[in-house]
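Architecture at a glance
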There are 2 protein chains.
Amino acid sequence: MANPTAAMLVIGDEILSGRTRDANMHYLAGEFTKLGIDLREVRIVSDDRQAIIDALNALRQQYGTVVTSGGIGPTHDDITADCVAAAFGVNIDVRDDARALLAAHYERQGTELNTARLRMARIPDGATLIDNPVSVAPGFTIGNVHVMAGVPSVFQAMVASVLPTLTGGAPLLSQTLRVYRGEGDIAGPLGELANTYDDLQFGSYPFQKDGVYGANIVVRGTDGARVDAAMAELSALFAQ
Amino acid sequence: MANPTAAMLVIGDEILSGRTRDANMHYLAGEFTKLGIDLREVRIVSDDRQAIIDALNALRQQYGTVVTSGGIGPTHDDITADCVAAAFGVNIDVRDDARALLAAHYERQGTELNTARLRMARIPDGATLIDNPVSVAPGFTIGNVHVMAGVPSVFQAMVASVLPTLTGGAPLLSQTLRVYRGEGDIAGPLGELANTYDDLQFGSYPFQKDGVYGANIVVRGTDGARVDAAMAELSALFAQ
């Protein structure tokens, strides 16, 4: 049976401008792989209302689960929650349960729950909150979409809150053989082996740095014995 | 006048599985920003024929320039060139000019130009070659799409080959103010300032690590004097 599918939508002017390097995508990819959920596509769009709505609607219709990251803070450029509501065609407003979380948190801190902070309690109708043990302001789940913060420590905490609610698949096992030969020498025998083991995926990821070159051959599959067998044949083929 | 727009398509099972962390997107984003080209969207898809074709057709119709990375090597999982040809509805085969480059290179190396390596000379009809000073096997440009290798050193060399052919815009200048306050305190005055300077973009990028929190406020625009003026007001607003 095929594994559940997922996609990610990163709302990130700061990534598209080259200011910061993505960390959340890499983290989510690793967590989903461990859980046997196939991350099939990632889109990164800017803080543009229509771009966010269009991408979200495309992804949520095509994949089983969608995770978004970024744009749910208190500042004027945090427009993700409103875009998600628009994509689902539902109302959005400050919600009592989210406001209560924030009120309690800022009261403990002796900080004012001002208008800006209250924006973080804006939750689309029908959504359930995602726990944020780091900085309290919640994410939310609506339909198959999980809306999370962009700050990596908060994103990771929200992923930890959501993962137990997702149905995983057969975890994908992988083994890697590092071969110091040109891919052109590897390609023929590798292609034949990939045909023989058509229940596995064979990837060849070339590297070239400081005059040293070769490829990491990665064998992936859900049946450990089959991956082992393929690796044994690979090692024999490409014994140095 | 608005800057030229661009998008990137990363063909990358290895990124979606969490095996490797993207480097090419971050590099391209930085280069485009310096040149005044707005990178508006990035999509990462797996080594799946239809996914690559669909994403490429969507992006090339929506944006001025598209750069792809990955999947143009000699192994069985390198299917990008064939997908690009299919997306454009043109024929693809080994082409004499690309074959000549490879033949000369492998002859110098004393390496056989075998069937696998010859795959790297498959170029869609109507494309022009992109120079690859690192490992010779060329990328190619067809229409507004530039097809490049995934290995970062080769990708960067191909970007350097293509950048001089692109029309840039007004380079985006940016300045950053690091503020050690919660975004909730910043948001109100920041939003008002952003309204006053509506020719500039104001981004607030919160951080939270080891108990220290705050936000980097980034002001971007093409008019240096305006960016300076906004930064001066920002600094006064948030003087510690």
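Residues numbered from 1 in each chain as written. Chains lettered and ligands numbered in written order. Predicted model: local features only at pLDDT ≥ 70, side-chain atom pairs only at ≥ 80, totals over all residues. Heavy atoms only, no water.

1. Focus: the pattern of salt bridges
Residue and element names in this part refer to chain A. Tallied over the full model, the rule gives twelve salt bridges over all chains. Between arginine 95 and aspartate 97 there is a salt bridge; the shortest N-O distance is 3.0 Å. Judged by its relative accessible area of 36%, aspartate 97 falls in the partly exposed class. Between aspartate 199 and arginine 226 there is a salt bridge whose closest N-O contact spans 2.7 Å. Here the residue aspartate 199 occupies a position in the loop between helix 8 (183-196) and strand 10 (201-209), and arginine 226 occupies one in helix 9 (residues 224-237), the gap between them amounting to 27 residues. (Salt bridge = Lys/Arg side-chain N within 4 Å of Asp/Glu carboxyl O. Buried < 20%, exposed > 50% of the residue type's maximum accessible area, 1.4 Å probe, protein only. Helix = DSSP H or I, 4+ residues; strand = E, 2+ residues; numbered from the N terminus.)

2. Things to note about the UniProt feature "domain: MoaB/Mog" (unreviewed entry) in chain A
UniProt marks residues 7-170 of chain A with the feature "domain: MoaB/Mog" (unreviewed entry), using the numbering shown here. End-to-end, the C-alpha atoms of residues 7-170 of chain A are 18 Å apart, and along that stretch the chain is 41% helix and 21% strand. (UniProt positions renumbered as here; feature names shortened; annotations may be inferred.)

3. Details of the packing of aromatic side chains
Residue and element names in this part refer to chain A. For the structure shown, the criterion picks out four aromatic pairs over all chains. Between tyrosine 180 and phenylalanine 207, the aromatic rings sit 5.8 Å apart at their centres with planes inclined by 75°, giving edge-to-face as the arrangement. You can see tyrosine 180 sitting in the loop between strand 9 (173-179) and helix 8 and its partner phenylalanine 207 sitting in strand 10, a full 27 residues away along the chain. Classification of tyrosine 180 as partly exposed rests on a relative accessible area of 47%. The exposure class assigned to phenylalanine 207 is buried, which follows from its relative accessible area of 15%. Both rings, one in tyrosine 197 and one in phenylalanine 202, keep their centres 6.4 Å apart while their planes meet at 55°; by these two values the pair is tilted. Of the two residues, tyrosine 197 and phenylalanine 202, neither departs from the other in class, the shared state being buried. Its end group placed over the ring of phenylalanine 88, arginine 60 keeps NZ or CZ at 3.9 Å from the ring centre. (Phe/Tyr/Trp six-rings, centres within 6.5 Å; stacked < 30°, edge-to-face > 60°. Lys NZ or Arg CZ within 6 Å of the ring centre and 35° of its normal.)

4. Side note on unusual backbone geometry
Among all residues save glycine, negative phi is the norm, and among peptide bonds the norm is trans. All names here are of chain A. Within the chain, valine 136 stands out as a residue other than glycine whose phi angle is a positive 75°. By secondary structure assignment, the location of valine 136 is in the loop between strand 6 (128-130) and strand 7 (139-142). You can call valine 136 buried: its relative accessible area is 17%.

5. A few points about the sheet that holds strand 11 (residues 212-221) of chain B
All names here are of chain B. Pairing in this open sheet of three strands is antiparallel, and the strands run 9-11-10 from one edge to the other. Strands with a single pairing partner mark the edges of an open sheet, and in this sheet they are strand 9 (173-179) and strand 10 (201-209). Looking at each pair of strands side by side, their axes are set apart by 20° on average, direction ignored. Direction of pairing for strand 10 relative to strand 11: antiparallel, over a ladder of nine bridges. Note that in strand 11 the partner of serine 204 across the bridge is isoleucine 217. (Pairing = 2+ DSSP bridges. Axes fitted to C-alpha atoms, helices over the stretch in contact; angles between N-to-C directions.)

6. Digging into the interface of chain B and chain A
In this complex, chain B contributes 56 residues to the contact, which on the side of chain A involves 56 residues. Counting each side, the surface lost to burial between chain B and chain A is near 4500 Å², with a carbon and sulfur contribution of 53%. On inspection of chain B and its partner chain A, the count reaches two salt bridges. Here aspartate 185 of chain B and arginine 117 of chain A are joined by a salt bridge, their closest N and O atoms 3.1 Å apart. Seen at the junction of chain B and chain A, the total is 14 residue pairs in polar contact (both at pLDDT 80 or more). (Contact = heavy atoms within 4.5 Å. Buried area = accessible area lost by both parts, 1.4 Å probe. Polar contact = N/O pair within 3.5 Å; in protein donor to acceptor, adjacent residues only side chain to side chain.)

7. As for helix 7 (residues 152-162) of chain B
Turning to helix 7 of chain B, its buried residues are Val154, Phe155, Ala157, Met158, Val159 and Val162 of chain B. Buried residues in helix 7 of chain B make contact with strand 1 (5-11), helix 2 (24-35), strand 3 (65-69), strand 6 (128-130), strand 7 (139-142) and strand 8 (145-148) of chain B.

8. So, the domain arrangement of chain A
Assigned domains within chain A: domain 1 (5-165) and domain 2 (173-237). Between domain 1 of chain A and domain 2 of chain A, the C-alpha centre-to-centre distance is 37 Å. (Domains from an automatic or database assignment.)

9. Some thoughts on the relation of the copies chain B and chain A
At an RMSD of 0.0 Å, chain B and chain A line up after a rotation of 180° and a shift of 0.0 Å along the axis. A rotation of that kind, with that shift, is consistent with a two-fold axis. By C-alpha distance to the rotation axis, the residue of chain B lying nearest is arginine 43 of chain B, at 2.2 Å. Interface residue correspondence from chain B to chain A reaches 100%, placing this contact among same-surface, isologous pairings. (Least-squares fit on C-alpha atoms with pLDDT ≥ 70 in both.)

10. Topic: the packing of helix 8 (residues 183-196) of chain B against helix 9 (residues 224-237) of chain B
Residue and element names in this part refer to chain B. The geometry of helix 8 relative to helix 9 is characterised by a closest axis approach of 11 Å and an angle of 160° between their N-to-C directions. Taken together, the axis directions place helix 8 and helix 9 in an arrangement best described as roughly antiparallel. Viewed along their axes, helix 8 and helix 9 form a crossing whose handedness is right-handed. Contacts between helix 8 and helix 9 involve Pro189, Leu190, Leu193 and Thr196 from the former and Arg226, Ala230, Glu233, Leu234 and Leu237 from the latter. Looking at the contact of helix 8 with helix 9, its residues break down into six nonpolar, one polar and two charged. (Parallel < 35°, antiparallel > 145°, perpendicular 65-115°, else oblique. Left-handed = near helix turned anticlockwise from the far one by under 90°. Nonpolar A, V, L, I, M, F, W, Y, C, P; charged D, E, K, R; others polar.)

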